[in-house]
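Examining the three-dimensional arrangement
Chain residues, written in single-letter form:
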Amino acid sequence: MDIAQLSDKILQGDRRALARAITLVESGRDDHREQALSLLERLAKAERQALRIGLSGTPGVGKSTFIEAFGMMLVERGLRVAVLAVDPSSTRSGGSILGDKTRMEHLSRQKSAFIRPSPSQTTLGGVARRTREAVSLCEAAGFDVVLIETVGVGQSETVVAQMSDLFLLLLAPAGGDELQGVKRGIMEMADMILVNKADGDLKPAATRTCADYAGALRLLRKRPQDPEGFPKAMMVSALAREGLEAAWADIEHLSGWRRETGHWARTRADQARYWFAEDVRQAMLARLETPWAQGRMAELSDAVAAGEQTPAAAARDMLKGLGLE
């Protein structure tokens, strides 16, 4: 693959080249990994930035419907929108449906939009292992907004906050009470809580849920990266396209305030440190997958099971063999 040519096409906004590049960074082959790193280094010199919006919520809350309606509104405003959707992988077959693009029928037809579903594989935290690098590729391709839709696995799904500028949490009407709202984890990471499906018969329930969570947010400790009034809860209806303009206005206000006060740059610097450490950890874990390491692990495991070595002593021997002690 000609990395220089691929890089030039991405910088020109070629969506086919962008899709090829994301496939490259998601590949597990060593030669592909080297090419991906070379490509990312070339594109980083362009220093392009987009507004990265992480979006999570339980399955069935309407994430795909919201993203299509929200994305269409942004496209109509003249913005270029990229959607990176992560689908859960089967623990049995390893496969994924990757159906988000099918759900976003109208948005997927827009020339100013790019939708890419990816399997979560064995990665926890609601995102795929290379989602962060896919975000960088979308920024280099000139997209103004990158929406990162997570698997929707529950309250521990906070890794997306380490790769986004704003984190939105979608909730369904009657999705909890005030006690649910003060639980730690995903709730305290959210910048905005959007109660979706606030239409028809569900509107009264959505109003109560929004009030419950608004009250709960006031009990959380004030964060330095928030202006007055944030984090906040509000109602939206992706189906009726209500509340989307107000949500976007609040997003623009929050992101603008963070840029002016320096929180935006500090957050991105902290995220870069986090992913550096994470890449080192993943590289160290990958050394355990080599044939020698697996064979040695099996030998030491048998010795521990037979009582010939203690687990701590066997671990020390394993680390020595890896050159880590």
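This one's a predicted model, so the numbers in the text were calculated from it and none came from an experiment.

1. A closer look at empty space enclosed by the protein
Counted by the stated rule, this structure contains one cavity of 30 Å³ or more. Space inside the largest cavity adds up to approximately 60 Å³. Around the largest cavity, the lining residues are Ile22, Glu26, Leu84, Ala85, Val86, Arg116, Ser118, Arg130, Thr131 and Ala134. Within the residue set of the lining of the largest cavity, elements represented by two or more residues are α2 (15–26), β2 (81–87), β3 (113–119) and α6 (131–140). A total of three residues in the lining of the largest cavity trace back to one element, the largest contributor, which is β2. For the lining of the largest cavity, the class distribution of residues is five nonpolar, two polar and three charged.

2. With respect to the layout of surface pockets
Roughly 570 Å³ of internal volume is contained in the second largest pocket. Taken together, 22 residues form the lining of the second largest pocket, with Ala44, Arg52, Arg132, Ser136 and Glu139 sitting closest to its centre. At the level of secondary structure, the elements contributing two or more residues to the lining of the second largest pocket comprise α3 (30–44), α6 and α11 (263–286). Of the residues belonging to the lining of the second largest pocket, the class tally is nine nonpolar, four polar and nine charged.

3. Brief notes about the environment of Asp279
Among the secondary structure elements, Asp279 is positioned in helix α11. Judged by relative accessible area, which is 31%, Asp279 ranks as partly exposed. Aside from chain neighbours lying at most four places away, what touches Asp279 is Arg130 and Arg132.

4. So, the nonpolar core
With 46 residues, the main nonpolar core has Ile10, Leu18, Leu39, Leu137, Cys138, Val146 and Ile193 as its most contacted residues. Per-element tally for this core: the top contributor is α2, with six residues. Apart from residues lying up to four places away in sequence, Ile10 is in contact with Ala17, Leu18, Ala21, Leu39, Leu43, Leu137, Ala140 and Ala141. With 35 residues, the next largest nonpolar core counts Leu51, Ile67, Val145 and Leu147 among its residues.

5. Re the confidence of the model for the protein chain
With 86% of its residues at a pLDDT of 70 or more, the protein chain shows a mean pLDDT of 86. Ranking the helices and strands of the protein chain by mean pLDDT puts helix α10 (residues 244–261) first, with 97, and helix α7 (residues 178–181) last, with 47. Confidence over residues 89–97 falls short of pLDDT 50; this stretch has 12 contacts with residues more than four positions distant or in other chains. Contacts from residues 122–126, a stretch scored under 50 in pLDDT, to residues over four places away or in other chains number 11 contacts.

6. Things to note about helix α9 (residues 203–217)
Between its first and last C-alpha, α9 extends 21 Å over 15 residues, near the 21 Å set by a 1.5 Å rise per residue. Buried within α9 are the following residues: Ala205, Ala206, Thr209, Cys210, Tyr213, Gly215, Ala216 and Leu217.

7. A short note on the packing of α2 against α6
Direction vectors running N to C along α2 and α6 enclose 155°, while the axes themselves pass 10 Å from each other. In terms of orientation, α2 lies roughly antiparallel with respect to α6. For the element pair α2 and α6, the recorded crossing hand is right-handed. Contact residues: α2 offers Leu18, Ala21, Ile22 and Val25, while α6 offers Glu133, Ala134, Leu137 and Cys138. For the contact of α2 with α6, the class distribution of residues is seven nonpolar, no polar and one charged.

8. Some details on the side chain of Arg223
Relative to the helices and strands, Arg223 resides in the loop between α9 and β7 (232–235). Taking the relative accessible area as the measure of exposure, Arg223 reaches 14% and is therefore buried. A polar contact is formed between the side chain of Arg223 and the backbone oxygen of Ala190, at a distance of 3.4 Å. Discounting residues that sit within four places of it in the chain, Arg223 has contacts with Glu188, Met189, Ala190, Asp191, Pro231 and Arg258.

9. Regarding the packing of aromatic side chains
Counting across every chain of the model gives four aromatic pairs. On the numbers, 5.3 Å between centres and 15° between planes, the contact of Phe66 with Phe70 is stacked. Residue Phe66 and its partner Phe70 are located together in helix α4 (residues 63–76), separated by four residues, close to a single helical turn. Each member of the pair, Phe66 as well as Phe70, carries the same accessibility label: buried. Seen in terms of ring centroids, Tyr274 and Trp275 are 5.0 Å apart; in terms of plane orientation they differ by 90°. Their pairing is edge-to-face. Judged by relative accessible area, Tyr274 falls into the partly exposed class, the value being 26%. Residue classification places Trp275 among the buried positions, given a relative accessible area of 9%. Ring-pair connections join several aromatic residues into one group, and the members of that group are Phe66, Phe70 and Trp248. The ring of Phe143 carries Arg80 above its face, with NZ or CZ at 4.1 Å from the centroid. The ring of Phe230 has Lys232 sitting right over it, with the charged end atom 4.9 Å from the ring centre.

Reading the values: the criteria
- Residues numbered from 1 in each chain as written.
- Predicted model: local features only at pLDDT ≥ 70, side-chain atom pairs only at ≥ 80, totals over all residues.
- Heavy atoms only, no water.
- 1 Å grid on protein atoms, 1.4 Å probe; cavity = no way out; pocket = protein on both sides within 12 Å on 5 of 7 lines; lining within 4 Å.
- Points joined across faces, edges and corners; volume = space filled by probe spheres on them.
- Helix = DSSP H or I, 4+ residues; strand = E, 2+ residues; numbered from the N terminus.
- Nonpolar A, V, L, I, M, F, W, Y, C, P; charged D, E, K, R; others polar.
- Buried < 20%, exposed > 50% of the residue type's maximum accessible area, 1.4 Å probe, protein only.
- Contact = heavy atoms within 4.5 Å.
- Core = buried A, V, L, I, M, F, W, Y, C linked by side-chain atoms within 4.5 Å.
- pLDDT = per-residue confidence, 0-100.
- Expected span 1.5 Å × (residues − 1).
- Axes fitted to C-alpha atoms, helices over the stretch in contact; angles between N-to-C directions.
- Parallel < 35°, antiparallel > 145°, perpendicular 65-115°, else oblique.
- Left-handed = near helix turned anticlockwise from the far one by under 90°.
- Polar contact = N/O pair within 3.5 Å; in protein donor to acceptor, adjacent residues only side chain to side chain.
- Phe/Tyr/Trp six-rings, centres within 6.5 Å; stacked < 30°, edge-to-face > 60°.
- Lys NZ or Arg CZ within 6 Å of the ring centre and 35° of its normal.

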